[in-house]
Amino acid sequence: MPHPTDEAVCRRLPGRTAVITGAGSGIGLATARRLASEGANVVCADIDETAGKAAAAETGGLYVKADVTDADQVEAMFQAAHDTYGSVDIAFNNAGVSPPDDDSILTTGIDAWRRVQEVNLTSVYLCCKAVLPYMRRQRRGSIINTASFVAVMGAATSQISYTASKGGVLAMSRELGVQFAREGIRVNALCPGPVDTPLLRELFAKDPERAARRLVHIPLGRFAEASEIAAAVAFLASDDSSFITGSEFLVDGGISGAYVTPL
């Protein structure tokens, strides 16, 4: 499927500063590339120094090493963005994990549960809490939090803590979107379907049956490309989405709308 080249992309974000967590790979890296191509100053945050530095070098941005579960590091991340570029206009709170020990509630231990909640949900709370003061002073900003289509649907092949964490991200994003709407700040939850990323490939390589059981439910008949999710982030970050806030923005290949999929 063809995707727009950098030359074809409309530059909607010139001079704006975007902080992206989990920018070293997958959706985060694709988004760093896309937002940079649209003119944004990109701050690539990742706990993996090698991957994060490579993303920043490729996009002409700034690398910040950050453990998004640590409040002090999260605050320092946004401070570095502001100190370097003079504003914080976009926060794509995207870092997350989906470890193999997060499975059915019958087998998932409390330590696995807590780790996923910390990385997937508490980190979004910390990032929103840290970035909102910048955006409130500016009277503008777009926060995009990575939830998932599993926040609006149930699966018999459960990853219980992941699912619960994404439901929390969705509810929190909706509330923040309402609370800060009249201050010029928009907050939306991006809800991707399954994306062809290293995280997904690793998960499904260990259990091909699990992959097959999921693929059959996607009307488009394939997993998403990370660049397709990045395009949705770029839209939500830009003024093209100026009347969208508090939304569950589904980019799921039709999964959530399907009862029976095509043969």
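This text gives an overview of the structure that appears in the document.

Conventions adopted
Residues numbered from 1 in each chain as written. Predicted model: local features only at pLDDT ≥ 70, side-chain atom pairs only at ≥ 80, totals over all residues. Heavy atoms only, no water. Phe/Tyr/Trp six-rings, centres within 6.5 Å; stacked < 30°, edge-to-face > 60°. Helix = DSSP H or I, 4+ residues; strand = E, 2+ residues; numbered from the N terminus. Buried < 20%, exposed > 50% of the residue type's maximum accessible area, 1.4 Å probe, protein only. Polar contact = N/O pair within 3.5 Å; in protein donor to acceptor, adjacent residues only side chain to side chain. Pairing = 2+ DSSP bridges. Axes fitted to C-alpha atoms, helices over the stretch in contact; angles between N-to-C directions. Arc of directions from axis to C-beta. Contact = heavy atoms within 4.5 Å. Nonpolar A, V, L, I, M, F, W, Y, C, P; charged D, E, K, R; others polar.

The next point concerns the packing of aromatic side chains. Counted by the stated rule, this structure contains 1 aromatic pair. A centroid spacing of 5.8 Å and a plane angle of 35° characterise the contact between Phe-235 and Phe-249, whose relative ring orientation is tilted. You can see Phe-235 sitting in helix H8 (residues 226-237) and its partner Phe-249 sitting in strand E7 (residues 248-251), a full 14 residues away along the chain.

Note that Asp-102 resides in the loop between strand E4 (90-93) and helix H4 (110-138). Taking the relative accessible area as the measure of exposure, Asp-102 reaches 2% and is therefore buried. In terms of polar contacts, Asp-102 uses its side chain to reach the backbone amide nitrogen of Ser-161, at 2.9 Å.

Now for the sheet that holds strand E6 (residues 185-192). Pairing within the open sheet is parallel, and its 7 strands lie in the order E3-E2-E1-E4-E5-E6-E7. Taken across any chain shown, the strands that pair with only one partner, and hence form the sheet edges, are strand E3 (62-65) and E7. Pairwise comparison of adjacent strand axes, ignoring direction, gives a mean angle of 20° for this sheet. Two elements, E4 and strand E5 (residues 141-146), share 4 bridges in a ladder whose sense is parallel. Within E5, the residue paired with Phe-92 across the bridge is Ile-144.

It is worth spelling out helix H6 (residues 198-205) at this point. Of all the positions in H6, only Leu-200, Leu-203 and Phe-204 are classed as buried. Here the buried residues of H6 occupy an arc of 90° about the axis, which is enough to place them on one side. Those residues of H6 hidden inside the fold are in contact with helix H7 (208-215).

Let us look at the packing of H6 against H7. For the pair H6 and H7, the least separation of the axes is 6 Å and the interaxial angle reads 115°. The segment H6 lies against H7, with Leu-203, Phe-204 and Ala-205 engaging Pro-208, Arg-210, Ala-211 and Arg-214. A breakdown of the residues in the contact of H6 with H7 according to their chemical character gives 5 nonpolar, no polar and 2 charged.

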